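# Architecture at a glance
The primary structure of each chain is shown beneath.
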Amino acid sequence: MSARDRYEPGVPCWVDTTQGDVDAAVGFYADVFGWEMTEPGPMADDSPGRYHVARAGGGEVAGIASCPPGQAGAAWNTYVSTNDVDAAVPRATAAGATLVKAPFDAPPAGRIAVLADPAGATICLWQPGARQGAERVNEPGAWAMSMLICEDPERAAAFYADAFGWTTEAFGPATMLRLPGYEGGEPEQPVSREVVA
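I will try to describe carefully the structure that is included in this document. Given the structure is predicted, the values throughout are model-derived calculations rather than measurements. (Residues numbered from 1 in each chain as written. Predicted model: local features only at pLDDT ≥ 70, side-chain atom pairs only at ≥ 80, totals over all residues. Heavy atoms only, no water.)

## Observations concerning the pattern of salt bridges
- Scanning the model with the defined rule gives eight salt bridges in all.
- The closest approach of N and O atoms between Arg6 and Glu8, which form a salt bridge, is 2.4 Å.
- Overall, Arg6 belongs to the partly exposed group, its relative accessible area being 44%.
- The partner of Asp86 in a salt bridge is Arg111, and the shortest N-O contact between them spans 2.9 Å. One end of the pair, Asp86, is in helix H2 (residues 85-95); the other, Arg111, is in strand E8 (residues 110-116), with 25 residues separating them in the sequence.
- The buried category is assigned to Arg111, whose relative accessible area is 18%. (Salt bridge = Lys/Arg side-chain N within 4 Å of Asp/Glu carboxyl O. Buried < 20%, exposed > 50% of the residue type's maximum accessible area, 1.4 Å probe, protein only. Helix = DSSP H or I, 4+ residues; strand = E, 2+ residues; numbered from the N terminus.)

Here it is in structure tokens:
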């Protein structure tokens, strides 16, 4: 089991899905993953709709929200932790991101900015307040990884390296992107080596 109470800058820390039919999504994910949903709260940016936080294993694991105005269809969003969203946005846009939604507060949870990477995929920045990120990860019913499928993985890898310091590593037929020293959002454990004389 993997309980988390903080995330280093550059480490993915939260996921949520935006849905046209929130009730259907809440019912579906509760049935599939056994998620327990909090009572809905308002959308952070005063958009119409509501936001549910899903819990599993005694901790928060993801969010389910109404689609923001103008979004066609459902989407999953990954949030990357940062100490300062407002400073991270120019770095990300200089690396090739497009600003979708300027930084805004989600009180008391934190501060958000929404970007599109060079492939057009949404990536969010998260400056924690009361919510550091997912409290349970890498276990049944909790988030373990996000995957980007795009036509130009080399360009995507270069962007994430410039924006967040992520490196690449072969992962079967795919390429894993991660912050050095972290795997699955968790600090890597040093490998103890037995010395044989």
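## Section: the environment of Ile112
- Considering the arrangement of structural elements, one finds Ile112 in strand E8.
- Sequence-wise, Ile112 and Glu154 are 42 residues apart; in three dimensions their C-alpha atoms are separated by 27 Å.
- Residues within four places of Ile112 in sequence aside, it is in contact with Tyr79, Val85, Ala102, Pro103, Phe104, Ala106, Leu125 and Trp126. (Contact = heavy atoms within 4.5 Å.)

## Section: the pairing of strand E1 (residues 12-19)
- With respect to burial, E1 is a largely interior element, seven of its eight residues being buried.
- Pairing geometry for E1 and strand E5 (residues 59-66), over four bridges, is parallel. Bridge assignment links Thr18 to a residue of E5, and that residue is Ala65. (Pairing = 2+ DSSP bridges.)

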